Amino acid sequence: MHASIPDNNLLQWMRDLRRRVHRRPELAFQEQETAALIAAELDRLGLSYQAGLAGGTGIRAELGSGKGPCIALRADMDALPITEETGLPFASRNKGIMHACGHDGHVAMLLGAARLLRDIELPGRVVLLFQPAEESGGGAAAMIEDKALSGVEMIFAGHLDIHYPVGHITVDSGLICSYTDPFSITIQGRGGHAARPHEAVDAAVIAAHLVMNMQTLVSRRIDPARAAVVTVGRIEAGTVHNVIAEHARLEGTVRSADTETRERILAGLKRVVHGMREMCGASIELEFFSGLPAVINDEQATKIARTAAIRVAGEERVISQGGPSLGGEDFAFYQQQIPGCLVRFGAAGPGLTGGAAHSSRFDFDEHALATGAAWLVQVGREAMDRLQG
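Scope of this entry: the structure provided in the associated data block. Just so you know, these numbers come straight off a predicted model, no measurement behind them. (Residues numbered from 1 in each chain as written. Predicted model: local features only at pLDDT ≥ 70, side-chain atom pairs only at ≥ 80, totals over all residues. Heavy atoms only, no water.)

As for the nonpolar core
Leu73, Leu128, Phe130, Phe156 and Trp375 are the most contacted members of the largest nonpolar core, which totals 67 residues. Broken down by element, the residue count for this core peaks at ten residues, all from helix H9 (residues 368–388). Counting residues in hydrophobic clusters, the runner-up holds 27 residues, among them Phe183, Ile185, Val232 and Val273. (Core = buried A, V, L, I, M, F, W, Y, C linked by side-chain atoms within 4.5 Å. Buried < 20%, exposed > 50% of the residue type's maximum accessible area, 1.4 Å probe, protein only. Helix = DSSP H or I, 4+ residues; strand = E, 2+ residues; numbered from the N terminus.)

This is the structure we're talking about:
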């Protein structure tokens, strides 16, 4: 089976789409303009679709015949609350919001795949899922709740990644993305004058101790051979320079690559908070929020994904991502329902000087759009043939 490779015209079409989406980024469950753009392109392609899913912005399109296997291909489409500093001519026009994780490219690739699939006689059906709110972790579950997986037997997706050269595809079986456990810690101390700390209970100092003590949960309580991290990404404390802070709040996340490590860190975090509460005499409350399960690629789906990647990129460019990523991905919710595989599309190109994902300077080599679209088409075809056989 020969791979369908996008020509220069299709690559330019996807590049233009990506830039249109990039200019108008929207946060989770607010992707109204993005959804309207996708719907307009699906209309131009003459494809049937269902809009208004997952709170209003999710879209489920379908190609092929009613006979044979049904395969889903997914793209996420939300942006992040980041002020863009790339200086690109198509930089964000929505203040404080940016496509800093490649979801603009994912939308363009899946629409490019739709263009290619439209002209192929398929032995089954391909469902295209344009999903909101991956960054908040709620979009996939909302799509599932709205029956987006109805009739689907297997699901695939890919994520742009500048850790790998453009034209390469990483394919791995098993756990590839971590468990994520967001948390917050609220500290209630006792305020006072900056010159008289003995009369107060300093919430800012307690917060600082907590941040430092948390780091020992990984460095001294977890096997160094196991992947884990505890990150505090937000701290609030105090009002002015000469008043001891009465209140403080920490927000962070625990990432782990296996259940034993996860349970050990969560239990350890509870002990750290309890110990600090006893030592300082402050009220300290720890709260965990709904996180994400790990992305665990199904063995059969991974074999199909690898075959498709080899046909598209060549065997020498199909590689492993290495150890599990400590990033989270709500694609895991689909995998709890049906077998699936998530791959990564190399997006680092010559001269690319942007920042890392989730940074204000993130960018990727747009030639990766061709690789991604071709793989999405090929994996759909491979999966239908494999399941039918």
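Looking at the sheet that holds strand S15 (residues 318–319)
Judged by pairing direction, the sheet is mixed, and its eight strands sit side by side in the order S1-S2-S4-S3-S5-S16-S6-S15 without closing on themselves. A strand with exactly one partner marks an edge of an open sheet, and here the two such strands are strand S1 (48–53) and S15. Looking at chain direction, strand S3 (residues 70–76) and strand S5 (residues 154–165) are connected through four bridges and run parallel. Following the sheet pairing, alanine 72 is matched in S5 by isoleucine 155. Lying on the sheet, helix H3 (residues 103–118) is in contact with strand S2 (58–64), S3, strand S4 (125–131), S5 and strand S16 (340–348); it crosses S3 at an angle near 145 degrees. (Pairing = 2+ DSSP bridges. Contact = heavy atoms within 4.5 Å. Axes fitted to C-alpha atoms, helices over the stretch in contact; angles between N-to-C directions.)

Considering helix H2 (residues 32–45)
Taking 1.5 Å of rise per residue, the 14 residues of H2 would be expected to cover 20 Å, and the 20 Å separating its terminal C-alpha atoms lies within 8% of that figure. Looking only at H2, the buried set comprises Thr34, Ala35, Leu37, Ile38, Ala39, Glu41, Leu42 and Leu45. In this structure, the buried side of H2 is in contact with helix H1 (8–23), S1, S2, H3 and S4. Phi turns positive one or two residues past the end of H2, at glycine 46, with a value near 75 degrees. (Expected span 1.5 Å × (residues − 1).)

Some details on the sheet that holds strand S13 (residues 283–288)
In space, the four strands of this open sheet follow the order S10-S12-S8-S13, with antiparallel pairing throughout. Every interior strand has two partners, whereas the edge strands, strand S10 (228–237) and S13, have only one. Pairwise comparison of adjacent strand axes, ignoring direction, gives a mean angle of 20 degrees for this sheet. Helix H5 (residues 203–219) rests against strand S8 (179–188), S10, strand S12 (247–256) and S13 of the sheet, and its axis sits at about 175 degrees to S10. Of the strands in this sheet, S8, S10, S12 and S13 are in contact with helix H6 (residues 259–280), which crosses S13 at around 165 degrees.

Some thoughts on the side chain of aspartate 181
Mapped onto the fold, aspartate 181 is located in strand S8. Judged by relative accessible area, which is 6%, aspartate 181 ranks as buried. Excluding residues that lie within four positions of it along the chain, aspartate 181 makes contacts with Gly252, Thr253, Val254, Arg262 and Leu266.

Some details on the packing of helix H7 (residues 299–313) against H9
Each packed pair of helices is defined by two parameters, the angle between the axes and the distance between the axes. The contact between H7 and H9 brings their axes to 8 Å, and the two run at 130 degrees. Looking at the two axes, H7 sits oblique to H9. Between H7 and H9 lies a crossing whose hand is right-handed. Contact residues: H7 offers Gln300, Lys303, Ile304, Ala305, Thr307, Ala308, Ala309, Arg311 and Val312, while H9 offers Thr371, Ala374, Trp375, Gln378, Val379, Glu382, Ala383, Arg386 and Leu387. Here the residues of the contact of H7 with H9 sort into ten nonpolar, four polar and four charged. (Parallel < 35°, antiparallel > 145°, perpendicular 65-115°, else oblique. Left-handed = near helix turned anticlockwise from the far one by under 90°. Nonpolar A, V, L, I, M, F, W, Y, C, P; charged D, E, K, R; others polar.)

Observations regarding H1
Compared with an ideal rise of 1.5 Å per residue, which puts 16 residues at 22 Å, H1 spans 22 Å between its outermost C-alpha atoms and is within 8% of the ideal. Within the span of H1, buried status applies to Leu10, Leu11, Trp13, Met14, Arg15, Leu17, Arg18, Val21 and His22. Its buried side turned inward, H1 meets H2, H3 and H9. The N-cap residue of H1 is aspartate 7: its side-chain oxygen and the backbone nitrogen of asparagine 9 are 3.2 Å apart. (Polar contact = N/O pair within 3.5 Å; in protein donor to acceptor, adjacent residues only side chain to side chain.)

Regarding the environment of arginine 20
When you line up the elements, arginine 20 lands in helix H1. Looking at arginine 20, the relative accessible area reads 38%, which means it is partly exposed. It is 51 Å that separates the C-alpha atoms of arginine 20 and glycine 275, two residues lying 255 residues apart in sequence. Dropping the residues within four chain positions of it, arginine 20 is found in contact with Leu37 and Glu41. Polar side-chain contacts of arginine 20 include one of 3.4 Å to the side chain of glutamate 41.

A few points about the pattern of salt bridges
Under the definition given, this model contains 24 salt bridges. Measuring nitrogen to oxygen at the nearest pair gives 3.0 Å for the salt bridge that ties glutamate 329 to arginine 74. With a gap of 255 residues between them, glutamate 329 in the loop between S15 and helix H8 (331–335) and arginine 74 in strand S3 connect regions that are remote in the sequence. Glutamate 382 is paired through a salt bridge with arginine 311; the nearest N and O atoms lie 2.4 Å apart. With glutamate 382 in helix H9 and arginine 311 in helix H7, the pair connects residues that are 71 residues apart, well separated along the chain. Given a relative accessible area of 5%, glutamate 382 falls into the buried group. (Salt bridge = Lys/Arg side-chain N within 4 Å of Asp/Glu carboxyl O.)

Comments concerning the packing of H5 against H6
It is at 10 Å that the axes of H5 and H6 come closest, and there the two elements cross at 145 degrees. Every pair of crossing elements has a handedness; the one defined by H5 and H6 is right-handed. Taking contact as the criterion, the partners of Ile206, His209, Leu210, Asn213, Met214, Leu217 and Val218 in H5 are, on H6, Ile265, Gly268, Leu269, Val272, Val273, Met276 and Cys280. Considered class by class, the residues forming the contact of H5 with H6 number eleven nonpolar, three polar and no charged.

So, the pairing of S1
Examined bridge by bridge, S1 and S2 share four bridges and lie antiparallel to one another. Residue leucine 53 lies in a different strand from S2, and its bridge partner there is glycine 58. The hairpin formed by S1 and S2 contains four residues between the paired strands, and alanine 54 there has a positive phi angle of roughly 55 degrees.

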